[in-house]
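Commentary on secondary and tertiary structure
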Amino acid sequence: MKFQKMRSLAAFVLTAVLLLQMFPVMVSAEAPTVADPQIISATISPSTVQTGNSFEASIRFYHDDTEINKYAKSAIIKVSSPNGAIRIKKNEFTILESQISPTDTEEGDGLYYTLYMPENYLTYSGSGPGVLQFSITYYTSNDASKGTEIETKNKISIRKTLIPGEGSADNTVRVDENSSTPTIISGTSATVGIPLISGDTLEDAQIEVKLPAEPKILLTSAGSVYTMSFVSGEKKYLNLPLRVDSSVAAGIYPITLTINGKEVTAYLQVLDSAQGKGGVMIDSYKLDRSTIYSGSTFRMDLVLKNTGSQTYHNINAALDGLATESFTVVGSLDRKSVASLAPGATATISFNMQAASKMETGNYAVGVNLTSDEVTEAVATKVFVSVVGTGDSSGGKPIIIIENYSFGGTSVTGGKTFPLSLRFRNANTSTAIQNLKITITSTADEDTGGVFTPANSSNTFFISKLGAGASIDKSIELYPKADAKPKSYGIDVKFEYESSADTKHEQITATETISIPLTQPDRFEVTNAEVQGPIQMGTDGQLSISYVNKGKSTVYNLSVLLEGNFTAPETNIYIGNVESGSSDSYDTTLTPTEEGTLQGKATITYEDPNGETREIIKEFSCEVQPAMPVDQGGMGPDISEPMPEQSSGIPIWIWVLILAVVAGGAAAVVLIRRKRVAKRQALLEQEDDYDDVQPQTPELQDGQHQNEDQP
């Protein structure tokens, strides 16, 4: 009897397996990556737009990419004005499949579609160039809400200048701070690209390159003057063929670019041969203001990056070469640490510093020594800080500087008002300042026209007189946009004043830019931590921990520590960074060590956008049943015992499928028997009514019996 049950169970399992093979298996394909689109035409009406006027725009896009041509059925285009010169009433448009021209059109291969924005959607509000940025997302369905987004390595974004501006356009070419510092290995030759962005369209801009005089970093080209053209808001690379002598120490060195008569400082990172093979290095650095005056304070941010293939722990960055006659650290130690860095991960550390009051104009080196648990010998590198001396280099004219400023912490939060306190100083110790006007505005960048606005106050201060060497404190309440992206934003402080020694009352103007980091509230959540059970001794249970980052900032260095009466492949797991809006789960197997109840605890730790370590603890448990009994023959489990509701060996859904197969088979047997009974009954009735007529019998096949319907 037991053998018959086992044979029946094996037959049902085989049937279930054969049925499963009839269903398709879903395999996730690799997300296609796409090329960049192009804008082949852009027209506005009226053709000349004045400040405050509305206008309409028609933008024709062209995209030639195999994956896009194959999969795209619709697109969503989000429109923004990166410099804030155009007010946009509706910023999201849907392009349907019927509006997308197919391939092999008269215009040529690829996809063509037009975005039309009516006049009441666009208003020119600034005197600078009217630039629109288009972020395009393609979908596999004509209904984007039901379709799947075609993922790309980078979000597709393209800009177009529609209005040239009214004479006050920003034609300044600057180094793109969001790009990594270009690198070259000491003792080698290579072409490095300096990332540049122009605030306006420039034709045939003349760029003169001046390399640092002391280290042996040389241009290998015949000349040092290059010609480049820029479209407003476009990022382009100035490609420099360089040769670096093997004697040049690792560090970040300044490169002076004179663009149409104005100087811009770019940076080049030189790596030694060991750093070139991977490890922790300074990827880039940034100062919180555009000009560092002697005697002023500033913040220096260093971005550390792990370029190796292993995780580094307890990374220390120590500043070297500090002295009272040059730079000193204010309010903290001259070293900062990072707990760990996974391969490819980055971390930012900051130092508040002060330049000595007697420093002269020039570039000054600050040494940085990097160590970790895995690297005992310090890796030395250098960064350079450009200082403007405030002596009599200005010909006796007074210089107003921002001596220091504070905003209530290490960062501000989007949507929450904060106080900005500034101390202004007349750096000239012999000449007073009069009729000083200070204007504070939010700096426009490539993403927004500015995120800070005054809260219930004016953004202008007026001081009738500021004595020689004197200082004055001012404060203002600012409100950052609630939906601003987490990053550092600039604030422009413009000075307009006169020298008291100048009888002609010549107006002197200057502008300083300071930087304020903005973060968003931490909304990282662990939504679930559970073990599927019950499980049996000797088998594994599945633990799943689900998490989601609902905030607008990335959380860093997520890790999970597991504790309890079980064993696992790993109990201390490093996951890494979780981007804003991302959700995922960590899954692993747990093997119980005792019967009864499996009890465990998961400690989830991460660093919030402010660098503070956060901790979430989730407990989990499930029933642990005894191991399945084995029959006396030792051939396997005793299937005469009641089948558990869920077995760790065979998932419950297989049992459901088997039962469905059994039920279907039983129904088929009943149906066949009913048909046979009905057939016999019909024959009997035929014999009763027509005794003299023999029932017609079909011709028998070989091996078929006359009485096959008899039991």
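Predicted model only: the values in this text are computed from it and were never measured. (Residues numbered from 1 in each chain as written. Predicted model: local features only at pLDDT ≥ 70, side-chain atom pairs only at ≥ 80, totals over all residues. Heavy atoms only, no water.)

Both strand 13 (residues 202-210) and strand 15 (residues 225-230) contribute to a ladder of 5 bridges, which runs antiparallel. Among the inter-strand pairings, Ile-207 is bridged to a residue of strand 15, identified as Tyr-226. Here strand 13 pairs with strand 17 (residues 251-259) via 4 bridges, running antiparallel. Considered in strand 17, the bridge of Ile-207 is made with Ile-259. (Pairing = 2+ DSSP bridges. Helix = DSSP H or I, 4+ residues; strand = E, 2+ residues; numbered from the N terminus.)

A separate point is unusual backbone geometry. Here the amide bond leading from Ser-45 into Pro-46 is cis, since omega sits at 0°, within 30 degrees of zero. Here Pro-46 is to be found in the loop between strand 1 (38-45) and strand 2 (56-63). The peptide bond linking Gly-533 to Pro-534 adopts the cis configuration, its omega dihedral lying at 0°. Mapped onto the fold, Pro-534 is located in the loop between strand 37 (524-531) and strand 38 (535-536). The phi torsion at Asn-435 lies on the positive side, around 50°, for a residue other than glycine. Mapping Asn-435 onto the fold places it in strand 31 (residues 433-442).

Time to look at the sheet that holds strand 15. On the basis of which strands lie adjacent, the open sheet formed by 5 strands has the order 11-18-17-13-15 and mixed pairing. A single partner strand is all that each edge strand has here, and the edge strands are strand 11 (183-185) and strand 15. Each strand axis lies, on average, 35° off the axis of its neighbour in the sheet, ignoring direction. Pairing of strand 11 with strand 18 (residues 262-271) involves 3 bridges; the strand directions are parallel. Of the residues in strand 18, the one forming a bridge with Thr-183 is Gln-269. (Axes fitted to C-alpha atoms, helices over the stretch in contact; angles between N-to-C directions.)

The 3 strands are arranged 1-2-6 in an open sheet whose pairing can be described as antiparallel. Sheet topology places strand 1 and strand 6 (111-117) at the edges, where each strand pairs with a single neighbour. Taken over all neighbouring pairs, the strand axes of this sheet differ in orientation by 15° on average, direction set aside. Two elements, strand 2 and strand 6, share 7 bridges in a ladder whose sense is antiparallel. What sits directly across from His-63, in strand 6, is Leu-111.

What follows covers the side chain of Glu-496. Inspection of the secondary structure assignment puts Glu-496 in strand 35 (residues 487-499). Here Glu-496 is buried and forms no salt bridge, its nearest opposite-charge partner Lys-437 lying at an N-O distance of 4.1 Å. Excluding its chain neighbours within four sequence positions, the residues that come into contact with Glu-496 are Asn-435, Leu-436, Lys-437, Thr-439, Gln-507, Ile-508 and Thr-509. (Buried < 20%, exposed > 50% of the residue type's maximum accessible area, 1.4 Å probe, protein only. Lys, Arg positive; Asp, Glu negative; His and termini not counted. Salt bridge = Lys/Arg side-chain N within 4 Å of Asp/Glu carboxyl O. Contact = heavy atoms within 4.5 Å.)

So, on to the environment of Gly-223. If you trace the backbone, Gly-223 turns up in the loop between strand 14 (217-219) and strand 15. Given the relative accessible area of 37%, Gly-223 is considered partly exposed. In the structure, Gly-223 is positioned 15 residues away from Glu-208 in sequence and 9.2 Å away in space, judged by C-alpha atoms.

The next thing to look at is the side chain of Thr-181. Along the chain, Thr-181 turns up in the loop between strand 10 (173-175) and strand 11. A distance of 3.4 Å separates a polar side-chain atom of Thr-181 from the backbone oxygen of Asp-283. Ignoring anything within four residues of it in the chain, the contact list for Thr-181 reads Ile-252, Tyr-267, Leu-268, Gln-269, Asp-283 and Ser-284. (Polar contact = N/O pair within 3.5 Å; in protein donor to acceptor, adjacent residues only side chain to side chain.)

Time to look at the nonpolar core. Core analysis: the largest hydrophobic core is formed by 61 residues, its most contacted members being Leu-238, Leu-257 and Met-300. Apart from residues no more than four positions distant in its own chain, Met-300 is found in contact with Tyr-285, Lys-286, Leu-287, Leu-319, Ile-349, Ser-350, Phe-351, Met-353, Val-366, Val-383 and Val-385. Counting 32 residues, the second largest nonpolar core, distinct from the first, contains Val-49, Ile-59, Phe-61 and Phe-93. (Core = buried A, V, L, I, M, F, W, Y, C linked by side-chain atoms within 4.5 Å.)

What follows deals with the environment of Leu-304. Inspection of the secondary structure puts Leu-304 in strand 21 (residues 297-306). When its relative accessible area of 0% is taken as the criterion, Leu-304 is described as buried. Distance from Leu-304 to Ile-349, taken between C-alpha atoms, is 7.8 Å for residues 45 residues apart in sequence. Among residues more than four places away in sequence, those in contact with Leu-304 are Val-280, Met-281, Ile-282, Ile-315, Val-338, Leu-341, Ala-345, Thr-346, Ala-347, Ile-349 and Leu-370.

Attention now goes to the packing of aromatic side chains. In this description, a pair of aromatic rings is defined by centroid distance and the angle of the planes. According to the stated counting rule, one finds 16 aromatic pairs in the structure shown. With 5.5 Å between their ring centres and 85° between their planes, Phe-61 and Phe-134 make a pair best called edge-to-face. Here Phe-134 lies in strand 8 (residues 130-139) and Phe-61 lies in strand 2, a separation of 73 residues in the sequence. Measuring from centroid to centroid gives 5.2 Å for Tyr-253 and Phe-384, while their planes differ by 40°, and the two rings are tilted. Separated by 131 residues along the polypeptide, Tyr-253 in strand 17 and Phe-384 in strand 27 (residues 379-388) bring together distant segments of the chain. Accessibility assignment for this pair places Tyr-253 and Phe-384 in one class, buried. Among the aromatic residues, ring-to-ring pairing joins Phe-61, Tyr-113, Phe-134 and Tyr-138 into one connected group. Against the face of Phe-351 rests Lys-336, its NZ or CZ located 5.0 Å from the ring centre. (Phe/Tyr/Trp six-rings, centres within 6.5 Å; stacked < 30°, edge-to-face > 60°. Lys NZ or Arg CZ within 6 Å of the ring centre and 35° of its normal.)

Attention shifts here to the pattern of salt bridges. What the rule picks out here adds up to 7 salt bridges. Taking the shortest distance from any N to any O, the salt bridge between Arg-299 and Asp-301 comes out at 3.0 Å. Classification of Asp-301 as buried rests on a relative accessible area of 11%. Among the ionic pairs, Asp-334 bridges to Arg-335, the shortest N-O distance being 3.7 Å.

Turning next to the pairing of strand 25 (residues 346-355). Residues of strand 25 alternate between two faces, with Ala-347, Ile-349, Phe-351, Met-353 and Ala-355 buried on one and Thr-346, Thr-348, Ser-350, Asn-352 and Gln-354 left unburied on the opposite face. Two elements, strand 23 (residues 327-329) and strand 25, share 3 bridges in a ladder whose sense is antiparallel. Each residue of the ladder has a partner; that of Phe-327, found in strand 25, is Ala-355.

Another point: the confidence of the model for the chain. Residues with a pLDDT of 70 or more make up 76% of the chain, whose mean pLDDT is 77. Counted against residues more than four places away or in other chains, residues 644-648, with its pLDDT under 50, gives 10 contacts. Here residues 688-711 scores under 50 on pLDDT; set against residues more than four positions off or in separate chains, the count is 6 contacts. (pLDDT = per-residue confidence, 0-100.)

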